[in-house]
Amino acid sequence: MNSNSSHDTSNWGCDMLGRDLARRAVSRRGFMKNGALALVGTSVIPAFLTRSVYAEMQTAAKNQKKLVVIFQRGACDGLNVVIPHGEKAYYAMRPTIAVQQKELIDLNGFFGLHPEMAAFKPLYDQGHLAIVHAAGSPDTTRSHFDAQDYMESGTPGNKGTVDGWLNRALADEKVQGKESAFRAVALGTQVPRTLQGKEPAIAIANLADFSVAGKGPQTSSISNAFQAMYDESTDSMLHGTGEETFEAVKMLKSADPAHYQPAVGVVYPNTPFGNSLKQIAQLMKANLGVEAAFTDIGGWDTHQNQGGATGQLANRLKEFSESIAAFWKDMGQDSENITLVTMSEFGRTARQNGTGGTDHGHANVMFVLGGSVKGGKIYGKWPGLGPDQLNEGRDLAVTTDFRNVLGEAAYKSLGAHDMQRVFPGSQVNPAAFLDFA
Amino acid sequence: MNRPHLRTSPLPATQLPAAQPSASQLPATLRRPRQRIASTLQSARCAALCAVLTASLAVGPALAEAPAAADNTAMNTASSSRPLTTDQKELHTLDRFTFGPTPAETAEIRRIGVKAWFDRQLEPQSIDDSALDAMLLKYPASALTQAQLMQRFPGPGELRRLVRNDGSMPTDPEEHAIYAVGAYEYQRKIQAAGAAKTAGAENPAGATAPDASMQNGMAQPEATQPDALQPEAMQSAAASAPVAAKGKGKRMPLPRSTEDPALVLPLPPDQRMAALYAMPAPQLSAFLRRLRPDQRQQLMAGLKPEQMETLAALQIGPIRVVGGEALQTRLLRDLYSERQLQAVMTDFWLNHFNVYVRKSQEEPYLLSSYEHNAILPHALGKFEDLLDAVAESPAMMVYLDNWQSVGPDSEAAARVQRYQQVRPNGKLAKTLPQGINENYARELMELHTLGVQCEVSADKTAASVSPNCDGGYTQADVQNVARVLTGWTVDRRNGYSFGFDARRHEPGSKQVLGHTIPAGGPAEGLAVLHLLATSPATAHFISHKLAVRFVSDNPSAALENRMAATFLRTGGDIKSVLRTMFDSPEFWSPQVYRAKVKTPLEFLTSAVRATDGSVQNPVPLVQSLGRLGMPLYGMQTPNGYSWQSDDWVSTNALVSRMNFAMVLSNDRMPGTQVDWTRLVGAQAADSPTPSVKTENELELDLVGQPVSDRTRTVVMEQADRPGQGAEAQKNFAMESTHDAVEEESAASMYGGLPAKNGAKAKARGQNALLNLSMTTLAGVTTRETPVSTMGGLLMGSPEFQRR
């Protein structure tokens, strides 16, 4: 790719004319399993990257917008996150786990934030944080794993979808110039379903250790040896991932994102989730061309003894909100370009169960945080908690399709405009967006 | 126990393969007859491997027409549609039914053939496993009953009770010391947390307070800021603390100069330990913390395994000794059991019936019994027996919450309602369970038996699910199964065993999956488990999962149907199902040969086994599994780890595997030593010049067959450059520069002391590792030779990632 392509508006993300075939063919994991394509001498390792190369990459997403997606795995109890304290039924159904009105942080006289989410209150007040309540999947499965799969693929009810919604959103973006190896990055040991697909995506658990046999500024000879092996391997799956690996290793060595320490006064919770967000911030500050970042946080499956204003769920919410607030503050000026969206596979039963917890439910709450977000507001239609208002008589009903929220975030940050491509078979279209951004 | 893994079975005399390809067809380096190397073992194995090489070079019957070099060895591409050769079948069998071929196993299967080998593995009792048993003697806690384990190693709950003065101290001096120091450390932790909270008040975002790192109420076993508290400062406060003074049992008479290491350390082992037990808890704690590394070695010298455990409990806390041993012994079984198929199946079922070590403070205590009593005895038995054993296991009961589930119309619920009427805001009214918890009931059907494809919901009608599902299960079925299982709980007063509490059981008959289950107490649950275990949906679900584990990521419907038919015909006999799979053409198809990507556990075990590694301390390997993305008992969610290749190939995985390979091959994995000398002979192992012949041998040793030309060329080019094992070690974070975050993983949590920030803490972590390992790491020399470099490169190669 050359830097003169700035007038070329062709879709390099997924060129229908096949001009990017060579690149895609050698870099896609999961799509090459059958070794259908002969791969001979395809190793084109970028020259040692310089600052000017970064400059080129930055134009890849010329608007510099970045989308951060956070998955709360295990089905977070949304009714105890953004609490409908104006509903009497809420207190009736949750005698020992309800958050009392005097404990919560009121938002608008009807909803309130869990007290351990105080870190979100300023973001809400400043108009950066929007809340979408009663959002969820139209599919009614109560299986964590099916529900997560449906949300990550973006095709509820259809298990045959091979790629993730965020990958398709990236594929729909008009990209100019060379894509960065860091365009789509997941903090963790594996590329999540959300990011799997044709577009390259990498997984990194820890920036400081992401290097083969040597932490110095140059790749070690062992690293180069491994690279030579993987470059020419006929094992298509390992070949493709190997190529992404070594490119990412080289870029990291050059940019050394670890030296970007959190801004003054920003302290991330010292937890895996806090550390993931801290590292996403480092990657973004290092100008590595990150456009989409993903991370997740578990521990939400509170069947038992979940607590109310304090306790198990409260601890989780504190970590969750403080990590995100730290990330926001850490990004400083650049937070203007960031859109961050949170999701969980489904909510939990409106009634508490027999063991001080909640079982698998349906609708949930999503947060959208961003520079161009019209926050300070709770979006979506509230379905109520009355007996005939509950889904199947037990859960908060879904009034906003989660894809509508993700779609708007992707549309307005990544510039993915073909919603039928991102969410095939859905009703998502810009006219129906909630207009939170 | 220097070489605990040495196979004792007699090996056949050296025998070169009958068919040799003509010399001119072989790569130059292989033309010379392979030299007899070190031992009978070595030569027998060499013969076997030569044959593998021979066969793979000469694909097809026309031996003389060997194709151009070994270029056709792309491992996964199923490039050949020719049937597998005998040697390939042997490798395939070991790749799929063991944790990786060892030199001895390769020789053995060559001697007796794949069928006899498989038959024997199906009868694990017929295989002598005394070498593993001897190894496990180092972990006496893992042989205790559940009740004994909990008595000897008090959990955090017990220690809390002690601190609150409502527990009782044991009289046995050894146990007394564990309890007293445990309670003392617990108090220190509380005080440290209080101090941190005070400090944190000025900096609310500094969420290092312990509650941020607790999950499900699980306390951090270590004080948050232990270094902030000087032992001296603590002593005065703690000396008057109730615990230290509170022993109800008789204390041993104190020897003079109780806390002087110079006097304590030279004592004979029993007296040395007695001197420790005689110290008051604060002094003992301080004594142990102040020891220098050499003094620690001295302290441990000559101790019996039980004493080593006690010492470890005093230093890192009882819960970590217990949890750590459960992980270590599980890994040792995978690495060294001669009953490899049983070990592989135990691992399969532990993953199928996943539990999570950090679920609660109790869970670590329940793992050993879960493996040894619930899973392993039935790993090759009847599925229903296995299902019943899991349903009754405290480990599963706690993990999926069923122990608390109470029938809404049960006696127990009525009692809670009375409490609520009398004292609506009382603690009992608020905390006692009074209704069902459907967590286990759902996963029982979704993940353990029928499979999620049988779930019926508003979007999936009963008519639309597979016919095998016989109408499937609904949300109502989930709730009714939960009602059936109310009262299935953990009897905490009776050694933490299974107990049926009739008072919690929901009365009346229940409708489950279209069947009426008559009221019958615990018999209801057994009836439902029987219904599930014998369902065709279960037969298919289990068969499919087995086929994915053993055959391919996408097994054919024909294979699944055949296995499921056997499952149903034999009443869920796992052995028969495996045999059907083994006898199926799909298992031997060239398309599936070397087609599975190793999981991190398979990668790690196959590396240690192929290099004939001897493990004196499994803790670093247990921790490595966390770094590789697959900590033992570390999957939080009940679906367990994936068996699909996609999920294990990522940029992060490759970086970690390459670094691990270099660390292991250069003997920089603490506690594990590879034996290149035994693999390639002393002369080759020590040679400063890389030899192609040695490289070729290593290919067979490690990968089992030749690698691609490119891989071989790269290995040879790199072989005489420095191996950079030390650098890889840094990247693999064996001496981590990053902080406690990474250390949060379950493996490190129980496998060893989490290294906190700072060198001091790191050193302490290392020392604790040493202590827990019960062996010294001193004397292990790391060395980088062409052979170790070649070995590391081969284990990091694309070819090694497949099985």
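Because the structure is a prediction, the values reported are computed rather than measured.

**Student:** Please set out the interface of chain B and chain A residue by residue, giving values where relevant.
**Tutor:** Frequently, the measure chosen for interface size is the accessible area removed from exposure when the parts meet. At the junction of the two partners, chain B supplies 86 residues and chain A supplies 76 residues. With both chains or domains summed, chain B and chain A bury close to 6,600 Å², and 54% of this area falls on carbon and sulfur atoms. Counting the contacts that link chain B with chain A gives 3 salt bridges. For Arg710(B), the salt bridge identified is with Glu232(A), shortest N-O distance 3.7 Å. For the interface between chain B and chain A, the tally reads 27 residue pairs in polar contact (both at pLDDT 80 or more). Grouping the amino acids of the side of chain B that touches chain A by side-chain chemistry returns 29 nonpolar, 37 polar and 20 charged.

**Student:** Which residues make up the confidence of the model for chain A, and what values go with them?
**Tutor:** Taken over all residues, the pLDDT of chain A has a mean of 85, while the share at 70 or more is 85%. Contacts for the low-pLDDT stretch residues 1–61 of chain A, under 50 throughout, to residues beyond four places or in other chains number 116 contacts.

**Student:** Could you give me a rundown of the state of the cysteines, with the residues and numbers involved?
**Tutor:** Residue and element names in this part refer to chain B. Going through the model one piece at a time under the given rule, you end up with 1 disulfide over all chains. Sulfur-sulfur distance for the disulfide between cysteine 454 and cysteine 469 comes to 1.9 Å. Disulfide cysteine 454-cysteine 469: torsion about the S-S bond near -75°, hence left-handed. In this pair, cysteine 454 is assigned in the loop between α23 (439–448) and α24 (475–484) and cysteine 469 in the loop between α23 and α24, connecting sequence segments 15 residues apart. Both residues of the pair, cysteine 454 and cysteine 469, belong to the buried class.

**Student:** Help me get a handle on the environment of Ala301(B), residues and values and all.
**Tutor:** Residue and element names in this part refer to chain B. Within the secondary structure layout, alanine 301 lies in the loop between α14 (293–300) and α15 (305–316). Under the relative-accessibility criterion, alanine 301 is labelled partly exposed at 38%. Remark: the alpha-carbon pair of alanine 301 and leucine 265, spanning 36 residues in sequence, is separated by 9.2 Å. When sequence neighbours within four positions are dropped, the list of residues in contact with alanine 301 reads Pro269 and Arg272.

**Student:** Account for the sheet that holds strand β2 (residues 82–84) of chain A, naming residues and giving values.
**Tutor:** Residue and element names in this part refer to chain A. Read from one edge to the other, the open sheet built from 3 strands follows the order β2-β4-β3, with strand pairing classed as antiparallel. At either end of the open sheet lies a strand with only one pairing partner, and these are β2 and β3 (105–106). Pairing of β2 with strand β4 (residues 111–113) involves 3 bridges; the strand directions are antiparallel. Paired with valine 82 across the bridge in β4 is leucine 113.

**Student:** So what about the pattern of salt bridges? Which residues, and what values?
**Tutor:** Per the stated rule, a full pass over the model turns up 59 salt bridges over all chains. Here Asp330(A) makes a salt bridge to Lys285(A), at a shortest N to O gap of 2.6 Å. Of this pair, Asp330(A) sits in helix α10 (residues 312–331) while Lys285(A) sits in helix α9 (residues 272–285); the two residues are 45 residues apart in sequence, bridging distant segments of the chain. Under the relative-accessibility criterion, Asp330(A) is labelled buried at 5%. A residue is classified by how much of its surface remains accessible, and Lys285(A), at 22% relative accessible area, is partly exposed. A salt bridge links Arg579(B) to Asp119(B), with the nearest nitrogen and oxygen atoms 2.8 Å apart.

**Student:** Provide a residue-level description of the pairing of strand β5 (residues 129–136) of chain A, including the pertinent values.
**Tutor:** All names here are of chain A. Here β5 lies mainly inside the structure; 8 of its 8 residues are buried. Of the strand pairs in this sheet, β5 and strand β10 (residues 364–370) are connected by 5 bridges, and their pairing is antiparallel. Bridging from a neighbouring strand, leucine 129 pairs with leucine 369 of β10. Two strands pair when backbone bridges link them, and β5 and strand β11 (residues 377–379) are joined in this way by 3 bridges, in the parallel orientation. By the bridge assignment for β11, alanine 130 is matched with lysine 377. Strand direction decides the pairing type here: β5 and strand β12 (residues 400–401), joined by 2 bridges, are parallel. Bridging from a neighbouring strand, alanine 135 pairs with threonine 400 of β12.

**Student:** With reference to specific residues and values, describe the packing of aromatic side chains.
**Tutor:** Residues and elements named next belong to chain B. For the structure shown, the criterion picks out 31 aromatic pairs over all chains. With centroids separated by 4.9 Å and ring planes inclined at 80°, the aromatic side chains of phenylalanine 348 and tryptophan 349 adopt a geometry described as edge-to-face. In this structure phenylalanine 348 comes out as buried when scored by relative accessible area, which is 0%. Given the relative accessible area of 0%, tryptophan 349 is considered buried. One aromatic cluster is present, built from ring pairs that chain together Phe97, Phe118, Phe550, Phe582, Phe587 and Trp588. The ring centre of tyrosine 633 lies 4.6 Å from the NZ or CZ of arginine 330, which sits over that ring. The residue whose ring lies beneath arginine 549 is phenylalanine 550, and the NZ or CZ to ring-centre distance is 4.7 Å.

**Student:** Please set out the nonpolar core residue by residue, giving values where relevant.
**Tutor:** In this structure, Phe182(A), Phe327(A), Phe367(A), Met345(B), Trp349(B) and Leu578(B) are the most contacted members of the largest nonpolar core, which totals 261 residues. In this view, Phe327(A) contacts Val68(A), Tyr268(A), Leu277(A), Ile280(A), Ala281(A), Met284(A), Ile338(A) and Leu340(A); residues no more than four positions away in its chain are not counted. Ranked by size, the runner-up nonpolar core spans 38 residues in total, among them Met151(A), Ala169(A), Ala201(A) and Leu414(A).

**Student:** Lay out the pairing of strand β2 (residues 497–500) of chain B in plain terms, naming residues and giving numbers.
**Tutor:** All names here are of chain B. Where strand β1 (residues 488–491) lies against β2, 4 bridges are found, and the strand directions are antiparallel. From the neighbouring strand, tryptophan 488 faces β2, where its bridge partner is phenylalanine 500. Two successive antiparallel strands, β1 and β2, enclose a turn made up of 5 residues, where glycine 495 displays a positive phi of approximately 65°.

**Student:** Give me the lowdown on helix α27 (residues 557–569) of chain B, citing residues and values where you can.
**Tutor:** Every α-helix carries 3.6 residues per turn, so stepping three or four residues along brings you back to the same face. Residues and elements named next belong to chain B. For α27, spanning 13 residues, the distance from its first C-alpha to its last is 18 Å, which sits close to the expected 18 Å at 1.5 Å a residue. Turning to α27, its buried residues are Leu559, Glu560, Met563, Ala564, Thr566 and Phe567. Angular distribution of buried residues about the axis of α27 spans 155°; they occupy a single face of the element. Across from the buried face of α27, at angles greater than 90 degrees, the exposed residues are Ala557 and Arg569. Elements in contact with the buried residues of α27: α19 (383–392), α25 (522–533), α26 (536–550) and α28 (574–582).

Cut-offs used in this document
- Residues numbered from 1 in each chain as written.
- Chains lettered and ligands numbered in written order.
- Predicted model: local features only at pLDDT ≥ 70, side-chain atom pairs only at ≥ 80, totals over all residues.
- Heavy atoms only, no water.
- Contact = heavy atoms within 4.5 Å.
- Buried area = accessible area lost by both parts, 1.4 Å probe.
- Salt bridge = Lys/Arg side-chain N within 4 Å of Asp/Glu carboxyl O.
- Polar contact = N/O pair within 3.5 Å; in protein donor to acceptor, adjacent residues only side chain to side chain.
- Nonpolar A, V, L, I, M, F, W, Y, C, P; charged D, E, K, R; others polar.
- pLDDT = per-residue confidence, 0-100.
- Disulfide = S-S within 2.5 Å.
- Helix = DSSP H or I, 4+ residues; strand = E, 2+ residues; numbered from the N terminus.
- Buried < 20%, exposed > 50% of the residue type's maximum accessible area, 1.4 Å probe, protein only.
- Pairing = 2+ DSSP bridges.
- Phe/Tyr/Trp six-rings, centres within 6.5 Å; stacked < 30°, edge-to-face > 60°.
- Lys NZ or Arg CZ within 6 Å of the ring centre and 35° of its normal.
- Core = buried A, V, L, I, M, F, W, Y, C linked by side-chain atoms within 4.5 Å.
- Expected span 1.5 Å × (residues − 1).
- Arc of directions from axis to C-beta.

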